[in-house]
Amino acid sequence: MEIKESLLRVENLKKYFPVKGGILGRKEIKQIKAIDGVSFDVQQGETFGIVGESGCGKSTTGRTILRLLEPTEGKIFFQGKNIAELNKSEMRKLRKDIQIIFQDPFASLNPRMKVREIIEEPLINFEVTDRSEREKRVLEVADQVGLTKAQLSRFPHAFSGGQRQRIGIARALISKPKLIIADEPVSALDVSIQSQVLNLMRDLQKEFGLTYIFISHDLSVVKHFCDRIGVMYLGKMVEIAGKNRLYEKPLHPYAEALLSALPSSHPLQKKQRIILSGDVPSPSNPPNGCTFHPRCFKCMDMCKTVNPTLQPVSDQHSVSCHLYHLGQEQSAAGELI
Ligand code: SF4
């Protein structure tokens, strides 16, 4: 993969959801910190994976980048411009360049619209007024994702899960985006169909120079599909590394535990599975210090009070854990909570 330049840079992104309570139910009594200070960048032409357990904030991160959810704080630089500052109409125009593929190909397509209309709809939203131009583009993109002209006149219910996801991909592609956020795009599909959809996405990436953010809880799929990966836990990015590096030698204890569940790549090599104790804490009341400390099998005293930050340990590898930044943490006294 040829890495060119940073297409997207996310800095200290936060998304907090208010929880209302009180006598009238109108007072904000706490906040759910769905994403809490996430930073990463995505290079032009690469596939950046975001993994983590359900509820870790990975889908919220994708939707906040696209501003389907408004960020509470932070910057989102797309091609050097902070899109977190754009107004609604500026953002609507920019969505031409950043599109999303949703997880559920059954729920994400309007059952009352024909496939042709579903694929064409974004062009109408982006004010492409010439009907013949829209028709030409719909046929072109349908062909690219393997849909026939006859299939365009049918309704979504007539299609299998894999075919519906092709329709979702066509709709995302129609505006010729530069970045596609794929939110669990194959997790609702059978394993045999998953590889067809992933191969299609990879072919389209090669052909059109697409950049993907690929959100998934499935570590095998991410390993197969992504170039670099960010691991999220409780709204924070805890490790970012190239695929090979992360899967061969994860540094963060959470990433270590997650990856220990995967079968060994060598048939004679036995792997010890790390079972984490306890449940994921509530994002409305995260633990002090390192939010992973109540479940961490390497926890030290300082982890209970000092919050680690994501810092580089080598080129293209960053981790948020005191084990790797002890000298710096002790001298700077860290970020006390
Ligand atoms: Fe575990 Fe401490 Fe590292 Fe957190 S900072 S992951 S508790 S060792």
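Small disclaimer: the values here were computed from a predicted structure and weren't measured.

**Student:** So what about the nonpolar core? Which residues, and what values?
**Tutor:** Formed by 58 residues in total, the largest nonpolar core has its most connected members in Ile-119, Ile-169, Met-201 and Phe-214. Once residues lying within four places of it in the same chain are set aside, the contact partners of Ile-169 are Ile-101, Val-145, Val-197, Leu-200, Met-201 and Leu-204. With 28 residues, the next largest nonpolar core counts Leu-66, Phe-78, Leu-179 and Met-237 among its residues.

**Student:** Describe the packing of helix α5 (residues 161-173) against helix α6 (residues 191-208), naming the residues involved and giving the relevant values.
**Tutor:** Following both chains from N to C, one finds α5 and α6 inclined at 20°, their axes separated by 10 Å at the closest point. One element, α5, and the other, α6, form an angle in the roughly parallel class. In this structure, the crossing between α5 and α6 has a hand that is right-handed. Side by side, α5 and α6 meet where Gly-162, Gln-165, Arg-166, Ile-169 and Leu-173 of the first sit next to Ile-193, Gln-196, Val-197, Leu-200, Met-201 and Leu-204 of the second.

**Student:** Summarise the packing of helix α4 (residues 131-145) against α5; cite the residues concerned and give the values.
**Tutor:** Between α4 and α5, the least distance of the axes is 9 Å, while the angle of their chain directions is 135°. Classified by the angle their axes make, α4 and α5 are oblique. Helix-helix and strand crossings are classified by hand; for α4 and α5 the assignment is right-handed. Residues Arg-137, Val-141, Gln-144 and Val-145 of α4 pack against Arg-166, Ile-169, Ala-170 and Leu-173 of α5. Taken together, the residues that form the contact of α4 with α5 break down as five nonpolar, one polar and two charged.

Reading the values: rules and limits
- In this convention, every chain numbers its residues from 1, walking through the sequence in written order.
- Local features are withheld for residues below a pLDDT of 70 in this predicted model, meaning they are given only at 70 or higher, and side-chain atom pairs are given and counted only at 80 or more; totals for whole chains, interfaces and linings count all residues.
- For side-chain calculations, the full set of non-hydrogen atoms in the structure is used, while hydrogens and water are omitted.
- Each nonpolar core is a collection of buried residues, namely Ala, Val, Leu, Ile, Met, Phe, Trp, Tyr and Cys, held together in the definition by side-chain atoms within 4.5 Å.
- Exposure is judged per residue with a 1.4 Å probe applied to protein chains only, and the accessible area is read against the type maximum: over 50% gives exposed, under 20% gives buried, and values in between give partly exposed.
- Contacts are residue-level and defined by heavy atoms, with any inter-residue pair within 4.5 Å sufficient.
- Fitted lines through C-alpha atoms serve as axes, helices being fitted only where they are in contact, and the angles separating the N-to-C directions of these axes extend from 0 to 180 degrees.
- Numbering of helices and strands runs from the N terminus, with a helix taken as a DSSP run of H or I at least four residues long and a strand as a DSSP run of E at least two residues long.
- Working definition: roughly parallel below 35 degrees, roughly antiparallel above 145 degrees, roughly perpendicular at 65 to 115 degrees, and oblique for all remaining angles.
- Each crossing gets its handedness from the near helix: less than a right angle anticlockwise from the far helix is left-handed, clockwise is right-handed.
- Residue polarity is assigned by list, with Asp, Glu, Lys and Arg as charged and Ala, Val, Leu, Ile, Met, Phe, Trp, Tyr, Cys and Pro as nonpolar; anything else, Gly included, falls into the polar class.

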